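# Descriptive analysis of the structure
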Amino acid sequence: MTPELSIIIPLYNEIEVLEICHKRVTDVLNKLNLEYEILYIDDGSKDESAQFITALAKDDARVKAILLSRNFGKEAALSAGFDFALGDAVIILDADLQDPPELIPEMLKVYKEKDVDTVLMKRTIRDGESMAKKQSAYWFYRILNKLSDFHIPEDVGDFRLMNRKTVQALQKLPERNRYTKGLFAWIGMDTYTLEYQREPRVAGIAKQNYASLFQLAFEGISSFSIHPLRVSTILGVISALFGFVFGLYIAFKSLLLGDPVHGYPSTMAIITFLGGVQLLGIGIVGEYIGKIYIESKQRPIYLVKKLISKKDNS
Ligand code: UDP
Ligand code: MG
């Protein structure tokens, strides 16, 4: 029998939180009186997380453990979750309980009452996150939306409920560079937004550090917009115009006023400036070529090492 609800939980080195995570999720789901399944996706953890979820899956037919062959990143782990989830509705949850599972009943209620395809969860307060992280998140969303051709909702993370139709639409997007929030928004569909307070991690440390978040941010921008390419064209036009006007000015000064040309400092300044502009342009173009290169290899987004499910075995 197909479950009504699938919960997808990607995890990477989360042994400290898994026990309490499983308890809180099952406490909520058991009260709901519906057929459900929980998919734990181990994204190549180096601690005992894989053993822990394997034991859970062996014990309970409603739990599946999917072990990826190495660390592919949260976005890839989510992809694996979509491919294995059977439920009519799918909810994504972080293992660190920053997205409280206690909100699941409300999400389901809204999903049924409003008859929408997706229930988005918008963060109002980001407890336990530094000022710098809040500010960078704020600016990231503003810049991203200025640049991209469709609206990507602000302060909405991966925590959300989606129906089967939305999940199938997501599976049709084959890109290797997966900026999930953008992909979610690209699909469109009817959405309803609920607000919630994002809680601090129950234990452990954030697995996505600044470097990986910056990478994700650039990923977001370059996956959904070619505006940066246009920026380099505009910079080129501006600096060419500037060079032309400056050339005229020097010719005018030396020919008409007989002013001897003292060129060295200005030449150096212009060469370094133009060198910088050119490298910037090449860098931006290179980013996009890199994307084409990676996409053209058509490698799978993730590889599964092992699938543990009581249902399949017995
Ligand atoms: N995660 C993952 N693979 C990774 C990094 C993170 O599956 O390479 C999982 C992680 O275990 C957690 C969720 O993604 O369940 C969110 O990660 P984290 O809490 O580090 O990110 P943040 O809350 O800062 O967005
Ligand atoms: Mg977290």
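Placed above this text is the structure.
Residues numbered from 1 in each chain as written. Chains lettered and ligands numbered in written order. Predicted model: local features only at pLDDT ≥ 70, side-chain atom pairs only at ≥ 80, totals over all residues. Heavy atoms only, no water.

## Description of the coordination of the magnesium ion (ligand 2)
In plain terms, the rule: With water omitted from the atoms examined, metal sites may look incomplete; donors here are N, O and S atoms no farther than 2.8 Å from the metal, or 3.2 Å in the case of Na, K and Ca. Here the term buried applies to any residue with accessible area under 20% of the maximum for its type, exposed to any over 50%, and partly exposed to those in between, with areas from a 1.4 Å probe on protein chains only.
Summarising the metal site, the magnesium ion (ligand 2) is bound by the protein donors D96 (OD) and Q98 (OE1), whose distances to it range over 1.9 Å. This pair shows no difference in class: D96 is buried, exactly as Q98 is.

## Notes on the side chain of S239
For clarity, the cut-off: Going along the chain from the N terminus, every DSSP run of H or I of four or more residues is numbered as a helix, and every run of E of two or more is numbered as a strand. Throughout, a contact is declared for two residues whenever any of their heavy atoms are within 4.5 Å.
Along the chain, S239 turns up in helix α9 (residues 227-256). Once you skip the residues sitting within four places of it in the chain, S239 turns out to touch F273, L274 and V277.

## Description of helix α8 (residues 210-224)
Put simply, the rule reads: To estimate how far a helix should reach, multiply one less than its number of residues by 1.5 Å.
With 15 residues, α8 should reach 21 Å at 1.5 Å per residue; the first-to-last C-alpha distance of 21 Å fits that figure. Of all the positions in α8, only L216, A217, E219, G220, I221, S222 and F224 are classed as buried. Of the surrounding secondary structure, the elements contacted by the buried residues of α8 are α3 (74-84), α5 (131-147), α7 (180-187), α9 and α10 (264-296).

## Topic: the pattern of salt bridges
Here is the rule we go by: A pairing counts as a salt bridge when a side-chain nitrogen of Lys or Arg comes within 4 Å of a carboxyl oxygen of Asp or Glu.
A complete count under the given rule lists 7 salt bridges for this structure. Of the charged contacts, one joins K64 and E37 as a salt bridge, the two residues approaching to 3.2 Å between their closest N and O atoms. Separated by 27 residues along the polypeptide, K64 in strand β3 (residues 63-68) and E37 in strand β2 (residues 36-42) bring together distant segments of the chain. Classification of K64 as buried rests on a relative accessible area of 12%. Here D117 ties to K165 by a salt bridge, and the two come within 3.3 Å at their closest N and O atoms. With D117 in the loop between α4 (104-114) and β5 (118-126) and K165 in helix α6 (residues 164-171), the pair connects residues that are 48 residues apart, well separated along the chain. Overall, D117 belongs to the buried group, its relative accessible area being 8%. Beyond isolated ion pairs, a larger network of salt bridges with shared partners links K74, D94 and D158.

## Quick word on the layout of surface pockets
In this approach, a probe sized like a water molecule rolls over the atoms, and the result shows the empty space that is left. Operational definition: Only protein atoms enter the calculation, which uses a 1 Å grid: trapped sets of points that fit a 1.4 Å probe without letting it out are cavities, open sets showing protein on both sides within 12 Å along at least five of seven lines are pockets, and any residue with an atom within 4 Å of a point is a lining residue. Grid points are joined across faces, edges and corners, and a volume is the space filled by probe spheres set on the points. Only Asp, Glu, Lys and Arg are considered charged in this grouping, and only Ala, Val, Leu, Ile, Met, Phe, Trp, Tyr, Cys and Pro are considered nonpolar; every other residue, Gly among them, is considered polar.
Computed from the structure, the second largest pocket encloses a volume of approximately 190 Å³. The wall of the second largest pocket is formed by 16 residues, among which L120, P153, F184, A185 and T191 lie closest to the centre. Residue assignment for the lining of the second largest pocket shows that the elements contributing at least two residues are β5, β6 (156-163) and α7. Broken down by element, the residue count for the lining of the second largest pocket peaks at 4 residues, all from α7. Considered class by class, the residues forming the lining of the second largest pocket number 9 nonpolar, 5 polar and 2 charged.

## Considering the nonpolar core
What counts here: Residues grouped as a nonpolar core are buried Ala, Val, Leu, Ile, Met, Phe, Trp, Tyr and Cys residues, joined through side-chain atoms within 4.5 Å.
Core analysis: the biggest nonpolar cluster contains 40 residues, and L5, I7, I9, Y40 and I91 have the highest contact counts within it. Tallying contributions element by element places helix α1 (residues 15-30) first for this core, with 6 residues. Setting aside residues no more than four positions away along its own chain, I9 makes contact with C21, V25, I38, L39, Y40, I41, L93, D94 and A95. Formed by 32 residues, the second largest nonpolar core is a distinct cluster that contains I8, F140, Y141 and A217.

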